[in-house]
Amino acid sequence: MDSPSTRASPQLTPPMTAEQIRAGAEAIYWYHSIDLGHDFVTKGASTPEIRLTDDQLPDFDGREVLDIGAWDGYYSFLAERRGAARVVALDHYVWGVDIPARNRYWQECKDHGVLPDHSRDVGEFFDLDLPGRRGFDFARRALASNVEPVLADFATTDIDALGTFDVSLYLGVLYHMMEPLTCLQRLRAVTREVAVIETVALHIPAFAGYGLLEFFADGDLNSDFGNWYTPTIEGLRRLALAAGFSRVETVKGPPELRSGNRLARVLNTAAGRVPALSTRYRAVIHAFV
């Protein structure tokens, strides 16, 4: 289960009709909102503000792209649509874990005041039928896509067998990792040009410029036991550099009015507000090889 699967063969099935797309898509739980053509967009559960904007993404044209934690494949198909020469969509946890069964177990842990055994997620809760990949597989067929699905845990898979890519997408993954530096070292190893890293981040105005990590283990971040760390933007930058990237560009940093600068303090004082001690937001960086 930890080795990359063989490459998918080219799409050979006939195009799907509008009726087939609508009927099939409505029977699937979607995390991503994907335009499948015929004026039909899947009803994704992710909030629009999490989606990266065009200026937060690199040029995909002619490049080989790895989308780590692809889920339904929104960014995989986007890269392909924008001219990528090859796209690999890699996932494991979301594609294979029986999320409802895992959630019931997590709730039992909460009720008893204990932490879950995470080895059970990819053990007894792992479904070889890959229920979480239904959306990706359906979208791939509907779009007549040649994106290559790879079932592998990026934290443990043989990255030499996976290969290297011009652009690596690491979106919404880092805060789920128990060992963030190790995972960023692996990200560096598969990246030839640039990695896009998007993550939940922490901002503490009083400690702007400090490389900090906030640790979770008890489900306090979004009621999810699978969330572990949120870095400050400086902490994220230092992690990427320590992982072997040569340069880091902050594409989306802390909200301006919570930056701890003089203007923020003046505005807060004028409005009769106490400045926030900390806040969380979605940060985006480009890490260059």
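Everything numeric here is computed off the predicted structure, so don't read it as measured data.

## A word on the sheet that holds strand β2 (residues 86-91)
Then, number 1: Read from one edge of the open sheet, 7 strands run β3-β2-β1-β4-β5-β9-β8, paired in mixed fashion. Edge strands, defined here as strands with exactly one partner in the open sheet, are β3 (148-151) and β8 (247-252). On average, adjacent strands in this sheet sit at an angle of 20° to one another, irrespective of strand direction.
Then, number 2: Two strands pair when backbone bridges link them, and β2 and β3 are joined in this way by 4 bridges, in the parallel orientation. When the sheet's bridge partners are listed, L90 is paired in β3 with V150.
Then, number 3: The sheet strands contacting helix α2 (residues 74-81) are β1 (64-68), β2 and β4 (165-171), and the helix crosses β2 at an angle near 175°.
Then, number 4: Where helix α8 (residues 233-242) meets the sheet, its contacts fall on β5 (191-203), β8 and β9 (279-288), and the angle it forms with β9 comes to roughly 30°.

## Concerning the environment of A206
Then, number 1: Along the chain, the position of A206 falls in the loop between β5 and β6 (213-215).
Then, number 2: The class of A206 is exposed, set by a relative accessible area of 65%.
Then, number 3: The spatial distance from the C-alpha of A206 to the C-alpha of L277 is 7.4 Å, given a sequence separation of 71 residues.

## Observations regarding the environment of Q185
Then, number 1: Its place among the elements puts Q185 in helix α7 (residues 180-190).
Then, number 2: Along the backbone, Q185 and A242 are 57 residues apart, and their C-alpha atoms lie at a distance of 8.0 Å.
Then, number 3: Beyond its immediate sequence surroundings of up to four residues, Q185 is in contact with A242 and A243.

## Topic: helix α1 (residues 18-25)
Then, number 1: Every buried residue of α1 is listed here: I21, G24 and A25. The buried residues of α1 occupy an angular sector of 90° when projected down its axis, which confines them to one face. Those residues of α1 that are exposed and angled more than 90 degrees off the buried face are E19 and A23.
Then, number 2: Looking at the buried side of α1, the elements it contacts are α5 (134-142).

## Comments concerning the side chain of T191
Then, number 1: Following the sequence through the fold, T191 ends up in strand β5.
Then, number 2: In this structure T191 comes out as buried when scored by relative accessible area, which is 3%.
Then, number 3: There is a polar contact of 2.9 Å between the side chain of T191 and the side chain of S168.
Then, number 4: In this structure the side chain of T191 is engaged in a polar contact, spanning 2.6 Å, whose partner is the backbone oxygen of L187.
Then, number 5: Those residues in contact with T191, other than ones at most four positions away along the chain, are F165, D166, S168, F245 and V289.

## Considerations on unusual backbone geometry
Then, number 1: A positive phi angle, near 55°, is found at H38, a position not held by glycine.
Then, number 2: Along the chain, H38 falls in the loop between α1 and β1.
Then, number 3: One non-glycine residue, L130, adopts positive backbone phi at about 55°.
Then, number 4: Positionally, L130 belongs in the loop between α4 (99-112) and α5.

## Comments concerning the side chain of R102
Then, number 1: Its location among the elements puts R102 in helix α4.
Then, number 2: Buried charge R102 goes without a salt bridge, the closest partner of opposite sign being D224 at 4.9 Å.
Then, number 3: In terms of polar contacts, R102 uses its side chain to reach the side chain of N103, at 2.6 Å.
Then, number 4: Excluding its chain neighbours within four sequence positions, the residues that come into contact with R102 are Y93, V97, D121 and F125.

## As for the nonpolar core
Then, number 1: Counting residues in each nonpolar core, the largest one holds 44 residues, and the members touching the most others are L36, F60, V65, Y75, F138 and L169.
Then, number 2: Among the elements of the structure, α1, α2, β2, α4, α5, β4, β5 and β9 are those that each provide at least two residues to this core.
Then, number 3: Examining the composition of this core, we find that 5 residues originate from one element, α2, more than from any other.
Then, number 4: If near-sequence neighbours (up to four positions away) are discounted, L169 is found in contact with F60, V65, L66, D67, I68, Y75 and V196.
Then, number 5: Counting 32 residues, the second-largest nonpolar core is a separate cluster that includes I197, A201, A240 and A243.

Thresholds, definitions, all that
- Residues numbered from 1 in each chain as written.
- Predicted model: local features only at pLDDT ≥ 70, side-chain atom pairs only at ≥ 80, totals over all residues.
- Heavy atoms only, no water.
- Pairing = 2+ DSSP bridges.
- Helix = DSSP H or I, 4+ residues; strand = E, 2+ residues; numbered from the N terminus.
- Axes fitted to C-alpha atoms, helices over the stretch in contact; angles between N-to-C directions.
- Contact = heavy atoms within 4.5 Å.
- Buried < 20%, exposed > 50% of the residue type's maximum accessible area, 1.4 Å probe, protein only.
- Arc of directions from axis to C-beta.
- Polar contact = N/O pair within 3.5 Å; in protein donor to acceptor, adjacent residues only side chain to side chain.
- Lys, Arg positive; Asp, Glu negative; His and termini not counted.
- Salt bridge = Lys/Arg side-chain N within 4 Å of Asp/Glu carboxyl O.
- Core = buried A, V, L, I, M, F, W, Y, C linked by side-chain atoms within 4.5 Å.

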